[in-house]
Amino acid sequence: MKSQYDLIWSKSKPPAHYKSVFSPKILNLYKKKGVRKILDLGSGDGTHLCYLGKQGFEVYGIEISEKGIKKTLEKIKNFNGLKVLKRDIFLPLPFDNGFFDAVFSFQALNHNRLLSICNVFLECNRVLKEGGIFSVKVADRESYQLKKIDNETYFDVEFNET
């Protein structure tokens, strides 16, 4: 069964709120703090993995979409130290305590309910080294064209399954 995310990443140009630019301020902070190992939660098509790989970081991505994984593997084949796992980011993370210097999630955590998001925060805290950096970017409702379909449930009317 094709997931919503497979449909998104199969497009040549996914909706804008699924893509984001990596903040130069965060990159500078990583460099200043001596970050080496980074986890990207909801890594999509691997854009940030490659960007950070070019900067010399060891980067791991977690992505649920087969299409996103395929695009990522095409992009990262020329890089050492980049890894991507097919997994739901809302499940326990398959890493040891204190494994990462930094964890980030851009435009991914807002695709679930608050309790699940809180559990992800706990997992991120577990896999981060003491003093590690956790960065999150979520879309605001203004970046979507939402139609309410149920209590606390909305549908993005821009999302086209074809």
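Attention in this report is confined to the structure presented alongside it. (Residues numbered from 1 in each chain as written. Predicted model: local features only at pLDDT ≥ 70, side-chain atom pairs only at ≥ 80, totals over all residues. Heavy atoms only, no water.)

**Quick notes on the sheet that holds strand β5 (residues 128-137)**
Strands belonging to one sheet form pairs held by backbone hydrogen bonds; the direction of such a pair is parallel or antiparallel.
In step 1: Pairing is parallel across the open sheet formed by five strands, whose spatial order is β3-β2-β1-β4-β5. The outermost strands of the open sheet, each flanked by one partner alone, are β3 (82-86) and β5. The mean inter-strand angle of the sheet, taken between neighbouring strand axes irrespective of direction, is 15°.
In step 2: Strand direction decides the pairing type here: strand β4 (residues 100-106) and β5, joined by six bridges, are parallel. What sits directly across from V103, in β5, is F134.
In step 3: Contacts between helix α4 (residues 66-76) and the sheet are confined to β2 (58-63) and β3, with β3 contributing the most and set at about 165° to the helix.
In step 4: Across the face of the sheet, helix α5 (residues 114-127) comes into contact with β1 (37-41), β4 and β5 while running at roughly 145° to β5. (Pairing = 2+ DSSP bridges. Helix = DSSP H or I, 4+ residues; strand = E, 2+ residues; numbered from the N terminus. Axes fitted to C-alpha atoms, helices over the stretch in contact; angles between N-to-C directions. Contact = heavy atoms within 4.5 Å.)

**Quick notes on the pairing of β3**
In step 1: Sheet topology note: the β2/β3 ladder contains five bridges and is parallel. Bridge pairing in β3 places Y60 opposite K83.

**Structural notes on the pairing of β4**
The side chains of a regular strand alternate between both faces of the sheet.
In step 1: Summarising burial for β4: seven of the seven residues are buried, a large majority.
In step 2: Two elements, β1 and β4, share three bridges in a ladder whose sense is parallel. Looking across to β4, one finds that I38 is bridged to A102. (Buried < 20%, exposed > 50% of the residue type's maximum accessible area, 1.4 Å probe, protein only.)

**Considering α4**
In step 1: Regarding α4, the residues found buried are G68, I69, T72 and I76. Take α4 and look down its axis: the buried residues cluster within an arc of 95°, on one side only.
In step 2: You can read the cap of α4 off the contacts: a side-chain oxygen lies 3.2 Å from the backbone nitrogen of K67, and it is on S65. (Arc of directions from axis to C-beta. Polar contact = N/O pair within 3.5 Å; in protein donor to acceptor, adjacent residues only side chain to side chain.)

**A few points about the environment of F22**
In step 1: Note that F22 resides in the loop between α1 (4-10) and α2 (24-32).
In step 2: Among the residues examined, F22 registers a relative accessible area of 6% and is labelled buried.
In step 3: Residues F22 and K137 lie 115 residues apart in sequence; the distance between their C-alpha atoms is 10.0 Å.
In step 4: Dropping the residues within four chain positions of it, F22 is found in contact with L27, Y30, H48, Y51, L52, F104 and F106.

**Side note on the environment of G34**
In step 1: Relative to the helices and strands, G34 is located in the loop between α2 and β1.
In step 2: For G34, a relative accessible area of 45% gives the class partly exposed.

**Thoughts on the packing of aromatic side chains**
In step 1: This structure, assessed with the given rule, holds 13 aromatic pairs.
In step 2: On the basis of an interplanar angle of 80° and a centroid distance of 4.8 Å, the ring pair of F95 and F100 is categorised as edge-to-face. Accessibility classification places F95 together with F100 in one group, the buried group.
In step 3: The ring of F99 carries K37 above its face, with NZ or CZ at 3.8 Å from the centroid. (Phe/Tyr/Trp six-rings, centres within 6.5 Å; stacked < 30°, edge-to-face > 60°. Lys NZ or Arg CZ within 6 Å of the ring centre and 35° of its normal.)

**Remarks on the side chain of S135**
In step 1: Along the chain, S135 turns up in strand β5.
In step 2: Overall, S135 belongs to the buried group, its relative accessible area being 10%.
In step 3: Apart from residues lying up to four places away in sequence, S135 is in contact with I26, Y30, V103, F104, S105 and F106.

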